[in-house]
Amino acid sequence: MTREPAPVPRLLDWLAVGTRLLNTQLGRVDEAWVAGPNTLPGWRNAHLLTHLARNADALTNLVTWSATGVETPMYPHGTEGRLRDIDEGARRTAQVILQDVKDSAVRLQQALDELPVMAWGRTVRTAQGRLVAASLIPWLRIREVWIHLVDLGTGVTFDALPEDLAEALLPDVVATLAGRDGCPALIVRDQPGGLPLTTRPTEPVGSAAEVKGPTAELIGWLTGRTAGDGLTCSPPGLPALPAWL
């Protein structure tokens, strides 16, 4: 069981801020941008936006599960169906795709707003098979919205993260990366004065690379979104990382 990184009201605040920023950015784009590339290999912005919309609907399914007690999978047709929906959805017009992102986010927010207090503690299952409390659902969406805001390439960087959100996201990113095959032994320390985070706590002292820097820079590098130019490493040379997500 995974515990949410903050109380539900704070999670909902972070989600609202991220959703507003996403809508603001999408209000500035045109049809050519929607059809254009982003930082994710093999996907155009149309794919990424469709993914964001279907992710909102998938998380709404989990809210429904929590509210009713009836198992409602995130993606009823499995991984293949999810990818097929994204591919087909990316062929729609830019106007339809952009509206879909906004409408799906509204549906999710409405479902969260209407969720009874007792239902927040009900256990649901993510697409990866993890059993989590429903109170984690907003956090799952927060990660999607804020990280993909960077992927969209509209100028938003991890520096836009609210400070307390960045502080909550960093240990989550480290923990996720630690579960990936090929993850090196790392000690990650955000400066100034951050507590050390490690990917392999059982490794002998001195065997891990210690990486230091601003929280936003660390998140960017650990998630594979930036090269880590603002970080320092001991011994010198940032190690290669597996894909974060």
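Here is what the cut-offs are and how they apply
Residues numbered from 1 in each chain as written. Predicted model: local features only at pLDDT ≥ 70, side-chain atom pairs only at ≥ 80, totals over all residues. Heavy atoms only, no water. Helix = DSSP H or I, 4+ residues; strand = E, 2+ residues; numbered from the N terminus. Buried < 20%, exposed > 50% of the residue type's maximum accessible area, 1.4 Å probe, protein only. Polar contact = N/O pair within 3.5 Å; in protein donor to acceptor, adjacent residues only side chain to side chain. Core = buried A, V, L, I, M, F, W, Y, C linked by side-chain atoms within 4.5 Å. Expected span 1.5 Å × (residues − 1). Contact = heavy atoms within 4.5 Å. Pairing = 2+ DSSP bridges. Axes fitted to C-alpha atoms, helices over the stretch in contact; angles between N-to-C directions. Salt bridge = Lys/Arg side-chain N within 4 Å of Asp/Glu carboxyl O. Phe/Tyr/Trp six-rings, centres within 6.5 Å; stacked < 30°, edge-to-face > 60°. Lys NZ or Arg CZ within 6 Å of the ring centre and 35° of its normal. Parallel < 35°, antiparallel > 145°, perpendicular 65-115°, else oblique. Left-handed = near helix turned anticlockwise from the far one by under 90°. Nonpolar A, V, L, I, M, F, W, Y, C, P; charged D, E, K, R; others polar.

Undergrad: Is there a simple way to explain the environment of Arg-91 in this structure?
TA: As for its position among the elements, Arg-91 is in the loop between α4 (78-89) and α5 (94-113). With a relative accessible area of 62%, Arg-91 lands in the exposed category. A polar side-chain atom of Arg-91 sits 2.7 Å from a polar atom in the side chain of Asp-87.

Undergrad: Help me understand the nonpolar core in this model?
TA: The tendency in soluble globular proteins is for nonpolar side chains to be buried as a group. Val-34, Leu-49, Trp-139 and Leu-222 are the most contacted members of the largest nonpolar core, which totals 74 residues. Per element, the largest residue contribution to this core is eleven residues, and it comes from helix α3 (residues 45-68).

Undergrad: Looking at this structure, I do not really get helix α7 (residues 163-178). What am I missing?
TA: Think of an α-helix as turning once every 3.6 residues; residues three or four places apart then point the same way. Over its 16 residues, α7 runs 23 Å from end to end, which matches the ideal 22 Å to within 8%, given 1.5 Å per residue. All buried positions along α7 are accounted for by Leu-165, Ala-166, Ala-168, Leu-169, Leu-170, Asp-172, Val-173, Val-174, Thr-176 and Leu-177. In the core, the buried residues of α7 are packed alongside α1 (8-26), α6 (137-151), β3 (186-190), β4 (197-198) and α8 (215-222).

Undergrad: Looking at this structure, how should I read the pairing of strand β5 (residues 209-213)?
TA: On any regular strand, side chains alternate: one points to one face of the sheet, the next to the other face. Alternating residues of β5 divide into Ala-209, Val-211 and Gly-213, all buried, and Glu-210 and Lys-212, none buried. Examined bridge by bridge, β3 and β5 share five bridges and lie parallel to one another. Within the sheet, the bridge partner assigned to Ile-187 lies in β5 and is Glu-210. Sheet topology note: the β5/strand β6 (residues 232-234) ladder contains three bridges and is antiparallel. When the sheet's bridge partners are listed, Lys-212 is paired in β6 with Thr-232.

Undergrad: Can you help me understand the sheet that holds β4 in this one?
TA: Neighbouring strands of a sheet are bound in pairs by backbone hydrogen bonds; such pairs are parallel or else antiparallel. The strand order across the open sheet built from four strands is β4-β3-β5-β6, with neighbouring strands paired in mixed fashion. The open sheet has two edge strands, β4 and β6, and neither has a second partner. Seen against the sheet, α8 touches β3 and β5 and runs at an angle of roughly 145° to β3.

Undergrad: Explanation requested: the side chain of Asn-38 in the structure shown.
TA: With respect to the helices, strands and loops of the structure, Asn-38 is situated in the loop between α2 (31-35) and α3. Among the residues examined, Asn-38 registers a relative accessible area of 15% and is labelled buried. Of note is the side chain of Asn-38, whose polar atom sits 2.7 Å from the backbone nitrogen of Leu-40. A distance of 3.1 Å separates the side chain of Asn-38 from the backbone oxygen of Arg-44, its partner in a polar contact.

Undergrad: Sorry, what's going on with the pattern of salt bridges here?
TA: Pairing between side chains of opposite charge can happen when their charged atoms approach one another. Throughout the structure, instances matching the rule amount to eleven salt bridges. Residue Asp-57 is joined to Arg-107 by a salt bridge in which the shortest nitrogen-to-oxygen separation is 3.0 Å. Linking Asp-57 in helix α3 with Arg-107 in helix α5, this pair joins segments that are 50 residues apart in sequence. Where Arg-91 meets Asp-87, a salt bridge forms, and the shortest distance between an N and an O atom there is 2.7 Å. One network of salt bridges, with partners in common, ties together Arg-54, Asp-57, Arg-92, Asp-100 and Arg-107.

Undergrad: In this structure, what is going on with the packing of aromatic side chains? I would like to understand it.
TA: Pairs of aromatic rings are described using the distance from one ring centre to the other and the angle between the two planes. This structure, assessed with the given rule, holds one aromatic pair. One residue, Arg-82, lies across the ring of Tyr-75, its end atom 5.4 Å from the ring centre.

Undergrad: When you look at the environment of Ala-127 in this model, what are you seeing that I'm missing?
TA: Positionally, Ala-127 belongs in the loop between β1 (123-125) and β2 (131-133). Judged by its relative accessible area of 47%, Ala-127 is partly exposed. Taking the C-alpha atoms as reference, Ala-127 lies 21 Å from Ala-90; in sequence the two are 37 residues apart. If near-sequence neighbours (up to four positions away) are discounted, Ala-127 is found in contact with Met-74 and Tyr-75.

Undergrad: Which parts of the structure should I look at to understand the packing of α3 against α5?
TA: Helix packing for two helices is described by the angle between their axes and how far apart those axes are. The geometry of α3 relative to α5 is characterised by a closest axis approach of 9 Å and an angle of 20° between their N-to-C directions. For the element pair α3 / α5, the angle class is roughly parallel. Crossing handedness for the pair α3 and α5: left-handed. Contact with α3, carried on its side by Ala-46, Leu-49, Thr-50, Ala-53, Arg-54, Ala-56, Asp-57, Leu-59, Thr-60 and Val-63, involves Ile-97, Leu-98, Asp-100, Val-101, Ser-104, Ala-105, Arg-107, Leu-108, Ala-111 and Leu-112 of α5 and no other residues of that element. A class-by-class count of the residues in the contact of α3 with α5 yields 13 nonpolar, three polar and four charged.

The quantities given are spatial measurements derived from coordinates; they are silent on function.
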